[in-house]
Amino acid sequence: MSDTRADLLSVIGADVDELTGAPATLSDDQLRSMYEVVILVRALDEACMRLLQAGEIGLYVSSTGLEATSVGAAFALKEGDWAFPSFRDSGIYLVRGGTLRGYTNQLFANAADVANGRQTPGHHTLPEGRFVSPSGPVGTQVVQGTGVGIAMRLRRDPHAVLVSFGEGATSQGDFHTGMNLAGIHSSPVIFLCQTQRWVAPAPRQRQSAAERYVDCVSSYGFTGTRVDGADILAVYSAVHDARARAVEGKGATFVEAVIDRYSPPQIGVDGRSDRDQWSRSRDPIGRFREHLHRRGIWEPAWEDDLIGRIQERIDDAIELARSCPAPPSSTLLDGVYADTSGTPSTKLTRSGAPGRGAGPAAQSKG
Amino acid sequence: MADINLLQAINETLASELSEDESVVLLGEDIGKIGGAFSATEGLFDKFGERRVIDMPLAEGGVVGAAIGMSLYGMRPVPEVQFADFLYPAFDQIISEAAKYRYRSGGQYACPLTLRTPYGAGIRGGIYQSQSPEAYLAHTPGLVVVVPSTPADAAGLLRSAIRSEDPVVFLEPKSIYRSAIGPVPGGDHTVAIGQARTVKKGDHVTVIAYGAMVHVAAKAASLAAEAGIEVDLIDLRTLRPLDADTVVTSVARTGKVVLVTEAPSFCGYAAELTAVLVEQALLHLEAPPVRVTGLETPVPYALENLYLPNAERVRAAIEQVVNF
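What you are looking at is a predicted structure, and each value in this text was computed from that prediction instead of being measured. Within any chain, residue numbers begin from 1 and follow the written order of that chain's sequence. Naming scheme: in the order in which they are written, chains are lettered from A and ligands are numbered from 1. Thresholds applied to this predicted model are a pLDDT of at least 70 for local features of residues and 80 or more for the giving and counting of side-chain atom pairs; totals over whole chains, interfaces and linings are not thresholded and use all residues. Computation of side-chain values: all heavy atoms of the structure, hydrogens and water removed.

Draft legend 1. Representation of the overall build of chain B within the structure. Counting secondary structure elements, chain B contains twelve helices and 14 strands. We compute the radius of gyration over the C-alpha atoms and compare it with the globule rule, which gives 2.2 Å times the number of residues raised to the power 0.38. What you see for chain B is a C-alpha radius of gyration of 19 Å, in line with the 20 Å of a compact globule of 324 residues. Over its C-alpha atoms, taken along the principal directions, chain B stretches across nearly 60 × 45 × 40 Å. Restricting the contact set of chain B to residue pairs at least 6 apart, pairs at least 24 apart contribute 83%. Throughout, the Shrake-Rupley method with a 1.4 Å probe supplies accessible areas, and for residues the shown protein chains are the sole cover considered. Carbon and sulfur atoms make up 55% of the accessible area of chain B, which totals about 11300 Å². His is not counted, nor are the chain ends; Lys and Arg add positive charge and Asp and Glu add negative charge. Note on charges: their place is set at NZ of Lys, CZ of Arg, CG of Asp or CD of Glu. Each charge class in chain B can be summarised by its mean position, and for the 25 positive and 38 negative side chains these summaries are 1 Å apart. Counting from the N terminus, the helices are the DSSP runs of H or I reaching at least four residues and the strands are the DSSP runs of E reaching at least two. Whether two residues touch is decided by their heavy atoms; if any such pair falls within 4.5 Å, the residues are in contact.

Draft legend 2. Seen up close, the pairing of strand S14 (residues 290–294) of chain B. Residue and element names in this part refer to chain B. When accessible area is computed with a 1.4 Å probe and restricted to protein chains, residues below 20% of their type maximum are described as buried, those above 50% as exposed, and intermediate ones as partly exposed. Within S14, four of the five residues are buried, which leaves it mostly tucked inside the rest of the structure. When DSSP finds two or more bridges between two strands, those strands count as paired. Both strand S13 (residues 257–264) and S14 contribute to a ladder of five bridges, which runs parallel. Bridge pairing in S14 places Thr261 opposite Thr293. Here a crossover is taken to be right-handed if, once the strands point away from the viewer, the path from the first strand over the helix to the second is traced clockwise. Of the crossover connections in this fold, the one passing from S13 over helix H10 (residues 269–281) to the parallel S14 is right-handed.

Draft legend 3. Main features of the interface of chain A and chain B. Across the contact, 55 residues belong to chain A and 53 residues belong to chain B. The term buried area denotes the loss of accessible surface (1.4 Å probe radius) that occurs when two parts are joined, taken as the sum for both partners. Roughly 4500 Å² is buried in total at the junction of chain A and chain B, and carbon and sulfur atoms are behind 56% of that figure. Whenever Lys or Arg places a side-chain nitrogen within 4 Å of a carboxyl oxygen from Asp or Glu, that contact is recorded as a salt bridge. On inspection of chain A and its partner chain B, the count reaches zero salt bridges. For this analysis, a polar contact is any N or O atom pair within 3.5 Å, provided that within protein one partner can donate a hydrogen and the other can accept it, and provided that sequence-adjacent residues contribute only side-chain to side-chain pairs. Inspection of the chain A/chain B interface yields 19 residue pairs in polar contact (both at pLDDT 80 or more). At the level of secondary structure, the elements contributing two or more residues to the side of chain A that touches chain B comprise strand S1 (82–84), helix H6 (140–154), helix H7 (173–184) and helix H12 (360–365) of chain A. Counting residues per element, the side of chain A that touches chain B draws most heavily on H6(A), which supplies ten residues. For the side of chain A that touches chain B, the per-class residue count stands at 27 nonpolar, 17 polar and eleven charged. Polar here means any residue outside two lists: the nonpolar Ala, Val, Leu, Ile, Met, Phe, Trp, Tyr, Cys and Pro, and the charged Asp, Glu, Lys and Arg; Gly therefore counts as polar.

Next up, the structure:
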């Protein structure tokens, strides 16, 4: 795939006085808020990588480099919207109301995890944020998110669904099925495709022979846009506009966010110069910081204080999660079915009755 | 109450649940304007409209996956897969997703959907319109699997399935859609999930079947009765969860059992029944359980009648086990 960067929507880098559209409406406080979250996401990611390397958690998938896409997209959502994230979207989890303790409890699969330690690290569940944990199979969320959107239309519910995935998901049959369905049913979905390209090591297997993933969208009958995934305001802008289209009944939008990712090399290989090069030119946090600095919103003392507080919160959350025991064995059979005994329920309820386990929309309608 | 057939029972139950509960929504290929490949949803599109009876494109994964999304949102979708043979493109959504949502989220999310699908052979459907995939489904924790053999049970089980908070696969034995005729109680008639039905009482041998094979077994039981053998005939009605009590109690009394499935025997549902009986009724068994099943082949088109269990094969098995 060629490096066709000329067509990527970019916002940061433009003169701050020339900002238009949604990014221009963000207040200084909102921008600071966004920045705090991206710093938190990065620090949390690095802490989790350390936990993985120390063998304290069994699995972890890094999100470094994806902060602008996750956080920028999530900031464009409103309460009542739904999110079907990918594995690297801790930013979406936090913006949707997820707590650090909820996050670390899930990683440690302890008794305080809302999902009873049922899943491997990284499958966070947050019904109060309408955030649905990523599944194991990649791409199933594309159809399900479309289904939520169809239900929203049937209910005349003026909200939207964010479905986020890496470009690998576009190879799956469910990607085509979900996109096709969204086009046919004008489902109010924002399909966020995080197209990842690698600074180092060598490029991985291609997922498509096409130059740009966004080019597929015309065959589904809706529109797409391609943005610089390291530009948080560009992502915010694209998702904001896509959301507006969705809630106005104009259906789905495909947002391809192109990101250059840095992956640490193998142990023993000195990757510092690659990392430095990436940091200077492609790190979404650095670019956002520069932008805020130019606007007079950022200064070093503020960041130092912020990082200190964030690190303390992360350390606390990890310590609490680490010291919490595993779920009791008595919970092992719970929740296979609605009846907690582990066998299917013979108790029947009407829809709308706040049945245990029904999603937030059902409970609020009960 | 007038007698109706299985298809009518399904149609009327869908209509009644659509009327009673506005969150019930049907979705599937050809179910709307066409009324379904077998007319199971005939008239419902006209009566309830396109917001309640939704035609879907040719993608079973889309039908089931969309239904999952709708059920997470709080609706009560009833997706249809046009033939059980076409469940496989939807298997990731059924097995990986719908069946596991509640458990993997600690009860925070769930999929109260009812997946209807015509299954089974006997209509010259060939390899891809005849399969009985119940074993793959019943093997999956988190799924409920039911299969009626009469109009009353079709109505009652379908209503229970739709009202259940669990994902239920409702297998419809297509070969008896029109030939299974009987009375259906009116009103809010439900049949409990997880309860087998004793069709006919007898003391000599237990015969266990479900779906279309209940009628085959009933014919075999009549033939056996002519030879003085009284069959205790059980219609399972639910495959997961299994009503082990009814099954074990019967075999503990008769000591002999014949198991009938359309699906092939290796790793089939009858194998599970055999295991349960050996575990729970070993000392009562006077003969090994006999399985009468489809052959270890895909369902052939021309020679389908040789593939399927019939009344004579079941009668011969009854005689074999009684004479052991």
